[in-house]
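# Structural characterization, general
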Amino acid sequence: MATAAAASASSSLLAPAASTAPAAPNALLFPSSVPSLRAYPRLLLAFRRPAAAAVADPQGAVLEEEVEAGQYEDDDDGGYEGGRGSAFTPPSRPRTGKAALPLKRDRTRSKRFLEIQKLRESKKEYDVPTAISLMKQMASAKFKESAEAHFRMNLDPKYNDQQLRATVNLPKGTGQTVKIAVLTQGEKIDEARAAGADIVGGDELIEQIKGGFMEFDKLIASPDMMPKVAGLGKILGPRGLMPNPKAGTVSPNITQAIEEFKKGKVEFRVDKTGIVHIPFGKVDFPEEDLITNFMAVRSVERNKPSGAKGIYWKTAYLCSSMGPSIKLNIKEMLDYGTDSSN
């Protein structure tokens, strides 16, 4: 009896005394005993899981490695205590129409384009006559499309010795009417008008250009006018109309320069991505005329920059203004041009 009494007395001393006073308001907001984080599995994962895992498992599901490591106990249903499992992904609807096309660029094409591009194989390399024949078949726009050549060259135009800019005379013409303006003075004014220039002038024409006059396609200047034309660089440069000796638009022989551009002289240059774009006629030209003009485009080979290294030609394509591109066999193209020139 004495031992039982002593035990009851000691337990009463260890137990906290019951308080009859009401609980303080802050006791509800800030409890004295904070439960362990293991009671909140998702909160524990926020501290333990890496950021990548948290993104991969946004619903707060426990990683399999942690379950296998024994951090969480499996319940009777085969899950774990805490977490909501993986996210539910609803089944996607099957795509129809243009959305079902495998290539993204085809999803924005017109029905006309999707039909005509079936006439050629996208990865096949064609010879020049076959490519020009296909290009004429695929030109189905409501206007007369231009025939265009696009060459990707092994050039980086940010280096001075790898810049390419020149002209080529198309034997069969461009099929376009070119409006030419000439800046000159003295007796050459009458020569320019006699040669067929559409607009001829000197200081007064310069003032008109400064005022916004741009009703011309080519601007040819005599060398003695270049100091005055230098002030038009900001206006003419962005439009590609600034006279330049490499483009043939600065020449002492005004009459010859006008005749060449009227007959079909075309300027080309390499853009910042290393591609040369050259129009060489209209798709309604006979195939023989288009082949003749295209072979004249071999001046890209003759004007190879001194800084070009390695393989000069990368890829070559033909296309109409609104049609799909046709890949050319470069070796056959270069050999075909050599045979025809001989």
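All figures in this text were calculated on a predicted structure; none of them were measured in a lab. (Residues numbered from 1 in each chain as written. Predicted model: local features only at pLDDT ≥ 70, side-chain atom pairs only at ≥ 80, totals over all residues. Heavy atoms only, no water.)

### Points about the packing of aromatic side chains
The description of two aromatic rings rests on the distance between their centres and on the angle between their planes. Taken as a whole and assessed by the stated rule, the structure comprises five aromatic pairs. Judged by centre distance (6.2 Å) and plane angle (50°), the rings of Phe213 and Phe216 are tilted. A relative accessible area of 6% places Phe216 in the buried class. For the pair Tyr312 and Trp313, a centre-to-centre distance of 6.1 Å together with 80° between the ring planes defines the contact as edge-to-face. (Phe/Tyr/Trp six-rings, centres within 6.5 Å; stacked < 30°, edge-to-face > 60°. Buried < 20%, exposed > 50% of the residue type's maximum accessible area, 1.4 Å probe, protein only.)

### A short note on the pairing of strand β8 (residues 313-320)
As defined by bridge partners, strand β1 (residues 146-153) adjoins β8 across seven bridges and the pair is classed as antiparallel. Residue His150 lies in a different strand from β8, and its bridge partner there is Tyr317. Two strands pair when backbone bridges link them, and β8 and strand β9 (residues 326-327) are joined in this way by two bridges, in the antiparallel orientation. Across the sheet, Tyr317 pairs through a bridge with Lys327, a residue of β9. Two successive antiparallel strands, β8 and β9, enclose a turn made up of five residues. (Pairing = 2+ DSSP bridges. Helix = DSSP H or I, 4+ residues; strand = E, 2+ residues; numbered from the N terminus.)

### Observations concerning the sheet that holds β1
Pairing is antiparallel across the open sheet formed by four strands, whose spatial order is β7-β1-β8-β9. Each end of this open sheet is capped by a strand with a single partner; those strands are β7 (275-282) and β9. This element, helix α13 (residues 287-296), spans β1, β7 and β8 of the sheet and lies at about 150° to β7. (Contact = heavy atoms within 4.5 Å. Axes fitted to C-alpha atoms, helices over the stretch in contact; angles between N-to-C directions.)

### Considerations on the nonpolar core
Core analysis: the biggest nonpolar cluster contains 40 residues, and Phe151, Phe280, Phe294, Val300 and Met333 have the highest contact counts within it. Contributing elements (two or more residues each) for this core: α7 (128-138), β1, β2 (165-169), β6 (265-269), β7, α13, β8 and α15 (330-341). Each residue touching Phe294, except ones within four places of it in the same chain, is listed here: Val128, Ala149, Phe151, Phe280, Leu318, Leu328 and Met333. (Core = buried A, V, L, I, M, F, W, Y, C linked by side-chain atoms within 4.5 Å.)

### Here's the deal with the sheet that holds strand β4 (residues 199-201)
The strand order across the open sheet formed by three strands is β4-β3-β5, and the pairing between neighbours is parallel. Each edge of the sheet is formed by a strand with only one pairing partner; in this case those strands are β4 and β5 (218-221). Ignoring strand direction, the axes of neighbouring strands in this sheet form an average angle of 15°. By the bridge criterion, four bridges tie strand β3 (residues 180-183) to β5 in an arrangement that is parallel. What sits directly across from Ile180, in β5, is Lys218. Set on the sheet, helix α9 (residues 203-210) makes contact with β3, β4 and β5; between it and β4 the angle comes to about 115°.

### Observations concerning the confidence of the model for the protein
Of the residues in the protein, 68% have a pLDDT of 70 or more, and the chain-wide mean is 77. The least confident element of the protein, judged by mean pLDDT, is helix α1 (residues 2-14) at 46; the most confident is β1 at 94. Per-residue pLDDT stays below 50 along residues 1-20; that stretch engages in zero contacts with residues further than four places along the chain or on separate chains. When the criterion is pLDDT under 50, residues 59-69 qualifies, and its contacts beyond four places in sequence or with other chains add up to 29 contacts. (pLDDT = per-residue confidence, 0-100.)

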